[in-house]
Amino acid sequence: MTGTVYKSTGSWYTVKTLNGKFYECRIKGRFRLEGIKSTNPIAVGDIVQFQLETKNNTETGVINRIEERKNYIVRKSVNLSKQTHIIASNIDLVFLLVTIDNPPTFTPFIDRFLVTAEAYSIKTILLFNKLDAYNEETLLEVKYLKSIYRQIGYECIGISATTGKNIDKVKALMVGKVSMFAGHSGVGKSTLVNAIEPSLDLKTKTISQQHMQGQHTTTFAEMFDLSFDAKIIDTPGIKGFGVVDMEREEVGDYFPEFFALKQDCKFNNCLHLKEPKCAIKKALEEDKISYSRYRSYIQILEGEDEHYRTDNWDNE
Ligand SMILES: Nc1nc2c(ncn2[C@@H]2O[C@H](COP(=O)(O)OP(=O)(O)OP(=O)(O)O)[C@@H](O)[C@H]2O)c(=O)[nH]1
Ligand SMILES: [Mg+2]
Ligand SMILES: [Zn+2]
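Predicted, not measured: the structure shown is a model, and the values here were computed from it. (Residues numbered from 1 in each chain as written. Chains lettered and ligands numbered in written order. Predicted model: local features only at pLDDT ≥ 70, side-chain atom pairs only at ≥ 80, totals over all residues. Heavy atoms only, no water.)

Q: Help me understand the coordination of the magnesium ion (ligand 2), please; the structure alone is not making it clear to me.
A: When four donors bind a metal tetrahedrally, each ideal donor-metal-donor angle is 109.5 degrees, and when six bind octahedrally, the ideal angles are 90 or 180 degrees. Taken together, the protein donors to the magnesium ion (ligand 2) comprise Ser190 (OG) and Thr218 (OG1), at separations of 2.0 to 2.2 Å. In this pair, Ser190 sits in helix α4 (residues 189-196) while Thr218 sits in the loop between α4 and β12 (222-225), placing the two residues 28 residues apart along the sequence. Each member of the pair Ser190 and Thr218 is classed as buried. (Donors = N, O, S within 2.8 Å, 3.2 Å for Na, K, Ca; no water. Helix = DSSP H or I, 4+ residues; strand = E, 2+ residues; numbered from the N terminus. Buried < 20%, exposed > 50% of the residue type's maximum accessible area, 1.4 Å probe, protein only.)

Shown next, in the form of C-alpha cells:
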C-alpha cells in the first residue's frame, strides 16, 4: 500500500493511504536511504510503501520503501553533534513565522532559514505574527524588516493569530498546497493553525506557561488536512538553524539579491569578501543591499552559529 506520513513519534509513523485510511506503521530492519544522514529516517510528508500485519487483532503496517523526496527542510543541531534532522518533506510552501519579541526572532535566523529553503527551491513567505501585541516601536521594526525582505522578493504579511488579522490572506495562499509553519518556539504556529481551522484545537502555550522558557508546546511535526483543500504541517519550534553543508561558492546563490548581481563581479568565483571590483560590496556601500543580510552571509561562510540566541529554543 502507498501512503503519506502524517505524524512521526519516535518509532511509530501515522500513515494515510490514498483512500483516506490511517495506519500506524513502523520500520523493520534497516533500509537504504538517499545520501542524507539524519537522525530520523522517515519524516512527515514522506510517501512510503508499506505492508499490513495483524497482531492481536490489530492491523499495523511495516514500511519497506520510501519514495524519492521532492524536497525537504532539515535543521542541523547547533550543538557539537551537528546532527541533521529532517523536519518535513514534499512541501509546496513554507510560512516562516517571525515575532519581534516574546520570543525575538533575529535576522541571522531568518536568513539561515531562507538560504536552506532556497537551496531546496521551496517558496517561503514571511508572516510577522502578534501584531496586536506590539507598540509603536516594535511595529516600526516590523515595517523595516518587511521592507528588507520584500525588496529581495519575499512576500511578507503582518498577521495576528489571536485577532484573526490577515488570516484570510494566509488561507488563500494555502489552497491546493501542502504548507508548513516554521519558526522559533512560541511564535504562534499552533495558534495560527487553530485560527485557520478551529476544529483542530491544537495545544498551544497557555498564559500561565508563557514565562516558561525552553518549553516546547508542540513536540513533533504533524500534518493536517484542512477543510478548504489544503494541508498544513505544524512543527515544533526550531532554535539555531545550522545551514546544511554547501560549498562556499554556493552560499551567495541562495541570497537572491546577491545572485542577481554576481555576474557583475570581476571574478566569477568571487566570494564577495575582499576581492576587487565586487558588485555585491559596491551595492552594499550604496545601500542597495542590506547590511544585516550581508552579515548573515559572512556568518554562514565562516560557519559560525548564530550570534543571537534566545533561551526558549528547542531541547536539543
Ligand atoms: N498576542 C498574541 N499572542 C499570540 C499570537 N499568536 C500566538 N500567541 C500566543 O503565543 C503563545 C505561543 O503560541 P503557540 O501557538 O503555542 O506557539 P508555537 O509556535 O506553536 O510554539 P511551539 O509549539 O513551542 O513551537 C501562546 O500563548 C499564544 O496564545 C498573536 O497573534 N498575538
Ligand atoms: Mg506549537
Ligand atoms: Zn563579488
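Let us keep going from here.
Q: I tried to follow empty space enclosed by the protein on my own but got confused; where do I start?
A: To find leftover empty space, one rolls a probe the size of a water molecule over the atoms. Evaluation of the coordinates by the stated rule reveals 1 cavity of 30 Å³ or more. The calculated volume of the largest cavity comes to roughly 50 Å³. The residue makeup of the lining of the largest cavity, split by class, is 3 nonpolar, 2 polar and 3 charged. Counting residues domain by domain, the lining of the largest cavity receives three or more from each of domain 2 (72-234) and domain 3 (248-301). (1 Å grid on protein atoms, 1.4 Å probe; cavity = no way out; pocket = protein on both sides within 12 Å on 5 of 7 lines; lining within 4 Å. Points joined across faces, edges and corners; volume = space filled by probe spheres on them. Nonpolar A, V, L, I, M, F, W, Y, C, P; charged D, E, K, R; others polar. Domains from an automatic or database assignment.)

Q: What's the story with helix α1 (residues 107-119) in this structure? I'm lost.
A: Three or four residues apart is the spacing at which side chains of an α-helix point the same way, because the helix has 3.6 residues per turn. Here α1 is 13 residues long and its end C-alpha atoms lie 18 Å apart, about the 18 Å a rise of 1.5 Å per residue gives. Burial of α1 is extensive: 11 of the 13 residues sit out of reach of the surface. Within α1, burial applies to Thr107, Pro108, Phe109, Ile110, Asp111, Arg112, Phe113, Leu114, Val115, Thr116 and Ala117. Where the residues of α1 are buried, they touch β6 (72-76), β8 (93-98), β9 (123-128), α2 (136-151), β11 (178-182) and α8 (291-301). (Expected span 1.5 Å × (residues − 1). Contact = heavy atoms within 4.5 Å.)

This is a description of form; function is not addressed.
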